[in-house]
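# Understanding the architecture of this molecule
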Amino acid sequence: MSKLTVNVLDFGAVPNTNALQSDKIQAAIDYCYQNGGGEVVVPEGEYLIGDIRLRSNITFHLLKNAVLKGSTNPNDFCNIKNDKFEPVEIDETLVWKSPANRTPEYARLWLYSGLSKWSNGIIRIMHAENVEIIGEEGSVIDGQNCYNPDGEEKYRGPHGISVNGSKNLHFSGYTIVHTGNWAHCIMESCNITVDNVTILGGHDGVHFRGCDNAEVKNCVMKTGDDSVAGFDNKNIHVTDCDLSSACNVFRFGGRDVLIENCTVTGPCDYPFRGSMTIEERAARANESKTARRNTTTFFTYFIDQTRDMHVRQGNIVIRNCRLKNVDRFLRINLSGIEPWQKGTPPEDITFENITADGMANWINAYGNDECLFDLTLKNIDYTMREGFEEKSFMMLGCYKNVNLENVKIHNFNGDTLIKTWGDKNNIHLKDFECDGIDEDKFIQQADDVFDERYI
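Residues numbered from 1 in each chain as written. Predicted model: local features only at pLDDT ≥ 70, side-chain atom pairs only at ≥ 80, totals over all residues. Heavy atoms only, no water.

## Re the overall build of the chain
Each helix and strand in the chain was counted, giving three helices and 33 strands. Each of the 455 residues in the chain was classed as buried or not, and the buried ones make up 57%. The contacts of the chain with a sequence gap of at least 6 include a subset with a gap of at least 24, amounting to 64%. Between the averaged position of the 46 positive side-chain charges in the chain and that of its 66 negative side-chain charges there is a distance of 3 Å. (Helix = DSSP H or I, 4+ residues; strand = E, 2+ residues; numbered from the N terminus. Buried < 20%, exposed > 50% of the residue type's maximum accessible area, 1.4 Å probe, protein only. Contact = heavy atoms within 4.5 Å. Lys, Arg positive; Asp, Glu negative; His and termini not counted. Charge placed at Lys NZ, Arg CZ, Asp CG, Glu CD.)

See below:
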C-alpha cells in the first residue's frame with residue numbers, strides 16, 4: 001500500500017514537550033494523503049496530542065518506543081471540526097443523556113452518526129479505506145484516563161481509536177492504555193483486522209457495532225470494562241487471545257461469530273472504572289482502594305434498541321477456551337427485567353471444548369417469545385469456586401432446545417442444579433455428570449416467577 005514515507009519530525013513535531021503536537025502530526029498525514037497515500041512515521045519519543053485524523057491509503061507507523069499521549073483536556077479532541085480536506089460538522093446538541101432520558105432515535109444519532117462528541121478519539125478514522133496503524137516494540141497510545149464531566153456517564157473522555165463507516169483496516173503491534181472511553185470504537189465498518197495488540201485498563205478493548213468481516217487475533221486485553229463487545233455484526237473471528245476483564249470478557253452479538261483458543265483469567269489487574277469514586281475518576285487514577293475487579297461473565301449476549309439490525313443474530317460458536325475465576329459462564333436474559341438486554345435472542349449459540357475453573361454463579365439463559373433459541377454445551381468441564389458450591393448450574397427459560405453433551409460439573413453441593421421455566425422435555429442430556437447428584441435431581445421445573453432473584 002505504501003507509496004510515500006514521511007516523518008512527522010519533518011513537519012515540525014517535537015517529542016518530549018508539554019505542547020500539543022496534533023497539528024504537526026496532522027500536517028504529515030495530510031501531505032501524505034494529498035500525494036497519493038503512503039506511510040507516516042512517528043519516531044521514538046513522547047508526543048502530546050488531541051485528536052488526529054487518518055485518511056484513506058495511510059499507514060500510521062509508530063516506531064520503537066514512540067508514545068502518543070492523549071491530552072487530559074477533553075476540549076483538545078475537537079480538531080476534526082476544522083478539517084480542511086474532509087470537513088465534519090459536529091452537532092453540539094447531541095450530548096449524553098441517561099438511558100431513561102433518551103429515545104432510541106436520539107441514541108442512534110448520538111452513538112452512530114460520528115457527529116457527536118461521544119465519537120471523539122485520540123485517532124479518528126471516518127469514511128476512509130485502506131488504513132493501518134502499526135506499532136513496533138514499545139509503541140504506546142496512552143489515553144491518560146482523560147476525564148470529561150460532560151461525557152458519557154459524566155466522566156468518560158475520548159475513545160482511543162474511533163472509527164466510522166470505513167473499510168480495509170489493520171491495527172497491529174502497539175499497546176493502548178488507559179483510554180477515556182473504549183480503546184477501539186469501530187462503527188459500521190468492514191474488513192478489519194486487530195492483530196497482536198495489547199490493551200490495558202480503560203474501558204472496552206475492541207467494540208464493533210454494525211461491522212462485517214472482522215478478526216481479532218493474538219491480542220492481550222486486561223480491560224476495566226468489556227474486553228470484546230458489540231452487536232449487529234457479521235462474520236467475526238476472535239482467536240488466540242489472552243483476556244481479562246473487570247466486567248464481561250465478551251459482551252457480544254452477531255451472525256457467524258467464532259471465538260476460539262482463548263485464555264480467560266479473573267480477577268482483572270485493572271478496576272471497573274464505573275465503580276471508582278467520583279474523586280478517583282476526576283483524578284484520572286489507575287488504581288482504586290474500593291473499586292471492584294472481578295470478572296463478571298465470560299460471555300454475555302448483547303443486543304439493545306439503539307440500532308435497526310442489519311443482520312439476524314445467530315450461529316455463535318465459542319470453542320477451545322480455558323477459563324479461571326470468572327463469576328459467570330453465560331448470561332442471556334431477554335425476559336424484560338434488565339435494562340441492558342432488550343431485543344431478540346440469537347437463533348443458536350454453542351460452547352464446545354471448554355474448561356471452566358472457579359465459577360461463582362449460574363448460567364443464565366432466558367430468552368423471549370420473539371425467537372426461541374438453541375443452546376448447546378458440549379465437552380465442558382466446569383468447577384464451582386470454593387465458597388460458591390451451593391450455586392445452581394443453570395437457570396433456563398424461553399428456549400427451543402438446550403443440549404448438554406459430555407458436561408461434567410464438579411464441587412457442586414446445592415439443592416437445584418438446573419432450574420427451568422421452559423419445557424423440561426427440551427433439555428437434552430447426554431453423558432452429563434455432576435459429582436454426588438442423582439440423575440433424577442438434575443432438572444427442577446420452576447413453580448415460581450422468573451424475576452430479579454435469578455439474574
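## Description of helix H2 (residues 104-112)
Within an α-helix, residues lying three or four positions from one another point in the same direction, as the helix has 3.6 residues per turn. Considered for burial, the residues of H2 that qualify are Tyr106, Ala107, Trp110, Leu111 and Tyr112. Packing partners of the buried residues in H2 comprise strand E10 (159-164), strand E13 (184-187), strand E16 (206-209) and strand E19 (228-239). Downstream of H2 by a residue or two, Gly114 has a phi angle that is positive, lying close to 75°.

## Observations concerning the environment of Gly266
Relative to the assigned elements, Gly266 resides in the loop between strand E22 (263-265) and helix H3 (278-282). If we skip the residues at most four places from it in the chain, Gly266 touches Ser244, Thr295, Lys324 and Asn325.

## Some details on the pairing of strand E7 (residues 121-126)
The element E7 is largely enclosed, with a buried count of six among its six residues. Alignment of strand E4 (residues 52-54) against E7, held across three bridges, turns out to be parallel. Paired with Arg53 across the strands is Arg124, a residue of E7. Across five bridges, the pairing between E7 and E10 is parallel. Pairing of Arg124 across the sheet is with Ser162, part of E10. (Pairing = 2+ DSSP bridges.)

## Here we look at the packing of aromatic side chains
Here the structure, examined in full by the defined rule, presents 20 aromatic pairs. Judged by centre distance (5.1 Å) and plane angle (85°), the ring pair of Trp421 and Phe450 falls under edge-to-face. Of this pair, Trp421 sits in the loop between strand E31 (418-420) and strand E32 (427-434) while Phe450 sits in the segment after strand E33 (443-445), and the two are 29 residues apart along the sequence. Measuring from ring centre to ring centre gives 6.0 Å for Phe450 and Tyr454, while their planes differ by 20°; the resulting arrangement is stacked. When sorted by exposure, Phe450 lands in the same class as Tyr454, which is buried. In textbook terms, an aromatic cluster arises when at least three aromatic residues are bridged by ring pairs, as seen for Phe250, Phe298, Phe299, Phe329, Phe351, Tyr382, Phe393, Phe432 and Phe442. Cation over ring: Arg251 sits above Phe302, and NZ or CZ is 3.8 Å from the ring centre. (Phe/Tyr/Trp six-rings, centres within 6.5 Å; stacked < 30°, edge-to-face > 60°. Lys NZ or Arg CZ within 6 Å of the ring centre and 35° of its normal.)

## Side note on the environment of Phe302
Turning to its location among the elements, Phe302 is positioned in the loop between strand E23 (297-301) and strand E24 (314-324). Phe302 sits in the buried class, given a relative accessible area of 1%. Between the alpha carbons of Phe302 and Cys241 there is a distance of 20 Å; along the sequence they are 61 residues apart. For Phe302, the contacting residues outside a window of four places in its chain are His207, Arg209, Gly230, Phe231, Arg251, Phe252, Gly253, Gln313 and Trp340.

## Quick notes on the pairing of strand E27 (residues 363-366)
Side-chain alternation along E27 places Ile363 and Ala365 on one buried face and Asn364 and Tyr366 on a second face that is also buried. Inspection of the sheet shows strand E25 (residues 328-333) paired to E27 by three bridges, in the parallel sense. Paired with Arg331 across the strands is Asn364, a residue of E27. The pairing of E27 with strand E29 (residues 394-397) spans four bridges and is classified as parallel.

## Comments concerning the state of the cysteines
Taken as a whole, this structure holds zero disulfides when the rule is applied. Its sulfur unpaired, Cys185 is 9.0 Å from the next cysteine sulfur, which belongs to Cys211. Judged by relative accessible area, which is 1%, Cys185 ranks as buried. In this structure Cys247 is a free cysteine whose sulfur lies 10 Å from that of Cys268, the closest cysteine sulfur available. (Disulfide = S-S within 2.5 Å.)

## A closer look at helix H1 (residues 22-34)
Between its first and last C-alpha atoms H1 spans 18 Å; for 13 residues at 1.5 Å apiece the expected length is 18 Å, and the two agree. Those residues of H1 not exposed but buried are Ser22, Ile25, Gln26, Ala28, Ile29, Asp30 and Cys32. Next to the buried residues of H1 lie strand E1 (5-7), strand E2 (38-42), strand E3 (45-49), E4, strand E5 (58-62) and strand E6 (66-70). Of the residues trailing H1, Gly36 is marked for its positive phi of about 95°. (Expected span 1.5 Å × (residues − 1).)

## Considerations on unusual backbone geometry
Residue Pro267 is bonded to the preceding Gly266 through a cis peptide linkage, with omega at -10°. Within the fold, Pro267 resides in the loop between E22 and H3. At Glu188, a residue that is not glycine, the phi angle is positive and equals roughly 50°. In this structure, Glu188 sits in the loop between E13 and strand E14 (190-195). The phi dihedral of Asp240 falls on the positive side, at around 55°, and the residue is not glycine.

## Some remarks on the side chain of Ser71
Structurally, the position occupied by Ser71 is in the loop between E6 and H2. A distance of 2.9 Å separates a polar side-chain atom of Ser71 from the backbone nitrogen of Asn73. Ignoring any residue separated from it by four or fewer positions in sequence, one finds Ser71 in contact with Leu20, Leu48, Ile49, Asp76, Phe77, Gln144 and Cys146. (Polar contact = N/O pair within 3.5 Å; in protein donor to acceptor, adjacent residues only side chain to side chain.)

## Description of the nonpolar core
With 112 residues, the main nonpolar core has Phe60, Ile123, Phe171, Phe298, Phe299, Phe351 and Phe393 as its most contacted residues. Counting residues per element, this core draws most heavily on strand E28 (residues 373-384), at six residues. When near neighbours in sequence (up to four residues on either side) are disregarded, Phe298 contacts Val249, Phe250, Val264, Ile318, Cys321, Leu323, Val326, Arg328, Phe329, Phe351 and Ile354. In terms of nonpolar packing, the next biggest core, distinct from the first, is built from nine residues, Cys247, Cys268, Tyr270 and Phe272 among them. (Core = buried A, V, L, I, M, F, W, Y, C linked by side-chain atoms within 4.5 Å.)

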